[in-house]
Amino acid sequence: MNWILLLEILYALLLLFTCLRIIYDTRGTTKTLAYLLGAVFLPFLGIIIYFSFGINYRKHKMYANKFLLDSKQRKVLEKEIIAHSKEVLENGNEPAKSRSELVNLLLKDTASPLTNNNTVKLLLNGENKFPEVLKAIEKAQHHIHIEYYIFRDDKIGNTIEKLLLKKAKEGVKIRFIYDDYGSSEIRKTLSKRLRDAGIEAVPFYKIKLIAFANSLNYRNHRKIIVIDGKIGFVGGINVSDNYVNSTQTTDAVFWRDTHLKLEGPAVTYLQYIFLSDWNSCSNQNLILEKEMYVPFNSFTYTDTKLVQIAASGPDSNSPTILYSILQAIYLAEEEILITTPYFIPGESLLDALNIAAMSGLKVKLLVPYESDTLLVNAASRAYYREILNAGVEVYRYKKGFVHAKTIVTDKKIAIVGTANMDNRSFELNFEVNAIVYDEEIATELTKTFYNDLLDAEQIDKEKWINRPWYIRLGDKIAKLLSPML
């Protein structure tokens, strides 16, 4: 038999199988067409790219390892959460009532409760975050749960490590999740020292040489700390000296980021997220009621902030974080302020921003002057022309690198979390955002945004549109890779 003919037949069958798999599994027409074109017009390479980046190999396994609740238990729990949230909404403040569609979206999608009587503190940059973290850890009495994308074996990492070792000796239960890619440097150093001291430390989705490319997807990008089930931290700041500007050398890049400290019932859902992730990567099966449940009425009320948590990942039924951001944009009436280090929006987000700007809303976007990744930087630039034409104001931060992931609308709701404005955060990574329905916090974040604009340069639409053709062409080529960035 002609071996060349046989190879051609086998390749044709492989291509057919791949195309059918792309059509069946891929969510979104644009992404489906992109993978189909790649498979057809890039022999072998297109197929390799799809099987490396396009398939969610994690979904079924992640579902299997989370809290196991039978349908009756789940229905009872969801009914209680919905009833409580409806009561909070009915007696809540105007920002929550005027954004009830957003509240209901998260309730229906993930049963994330709308919680009241929370204390919320805005923490700008690592030099303000880490002192609060250290104080909270020092006061821990029962347990400390830590989950980070990047946790470095450096000065601030060692400071936290020493305190954790001290608390472990005092009998505090400590669980520690680190992403095996983002925190690769601590695999055989800091994490081992923690385990040697009796602290449970596990990697999230351990990277293996086989299927390495796919292992780079589905990373745990969350930054969560939960202490005694009542104090929580969430936001964009990883554990690294880079984020602590006061300890950097004079030639170091200024790192602008935002985090939240939460106290109150909102921490319960952060606890749920952490323990779900723990079950997924520790080969344990923690029982929901014993390990997590803290009744909403068991907290000492110190403030009246309303908070809801949005979380999603490759294991989610829907891209919850994307949906929540879209809904927040749709419900805005006057102003939308967005800060993100990576802006590679899909069609739905791009349309939402364009529609808002063209409808007369003030839409302002703050991004880094230069991203830390050349390809991402070029792909992001490719989107600016369209949103500039719609009336979106784009500012590029020049003081240093802006890494904050925040949205504030109408000085009524503030969103602070880990998710960037890109496909990786909406589809490939495990992310978490806190939504604060409160005019005080939203106003504070609005002031922070405008203060950041003092260190930014607004893009001039005409100059941007008239950049040299070869630069624009390079950006457009990079844009073609957007689904994989």
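Rules used throughout
Residues numbered from 1 in each chain as written. Predicted model: local features only at pLDDT ≥ 70, side-chain atom pairs only at ≥ 80, totals over all residues. Heavy atoms only, no water. UniProt positions renumbered as here; feature names shortened; annotations may be inferred. Helix = DSSP H or I, 4+ residues; strand = E, 2+ residues; numbered from the N terminus. Buried < 20%, exposed > 50% of the residue type's maximum accessible area, 1.4 Å probe, protein only. Pairing = 2+ DSSP bridges. Contact = heavy atoms within 4.5 Å.

Focus on the UniProt feature "domain: PLD phosphodiesterase" (unreviewed entry) in the protein chain
Reasoning step 1: Within the UniProt annotation, "domain: PLD phosphodiesterase" (unreviewed entry) is assigned to residues 216-243 and 398-425.
Reasoning step 2: In residues 398-425, helix accounts for 11% and strand for 50%; the two terminal C-alpha atoms are 24 Å from one another.

Section: the pairing of strand S10 (residues 335-339)
Reasoning step 1: S10 sits mainly inside the fold: 5 of its 5 residues count as buried.
Reasoning step 2: The two faces of S10 match: Glu335, Leu337 and Thr339 on one face and Ile336 and Ile338 on the other face are all buried.
Reasoning step 3: For S10 and strand S12 (residues 362-368), the ladder comprises 5 bridges, and the chain directions are parallel. Bridge pairing in S12 places Ile338 opposite Leu365.
Reasoning step 4: Two elements, S10 and strand S15 (residues 406-409), share 4 bridges in a ladder whose sense is antiparallel. Looking at the pairing, Ile338 lines up with Ile407 of S15.

Quick look at the environment of Asn420
Reasoning step 1: By the element assignment, Asn420 lies in the loop between strand S16 (413-417) and strand S17 (421-422).
Reasoning step 2: Given a relative accessible area of 5%, Asn420 falls into the buried group.
Reasoning step 3: Sequence separation between Asn420 and His221 is 199 residues; the distance between their C-alpha atoms is 10.0 Å.
Reasoning step 4: Setting aside residues no more than four positions away along its own chain, Asn420 makes contact with His221, Thr340, Pro341, Tyr342, Lys405, Ser425 and Phe426.

Section: the pairing of S15
Reasoning step 1: On S15, burial covers both faces: Thr406 and Val408 on one face and Ile407 and Thr409 on the other are all buried.
Reasoning step 2: Across 4 bridges, S15 lies against S16 in antiparallel orientation. Its bridge partner lying in S16, Val408 is registered against Ala414.
Reasoning step 3: Between S15 and S16, which pair antiparallel and follow one another directly, the connecting turn spans 3 residues, one of which, Asp410, has a positive phi of 55°.

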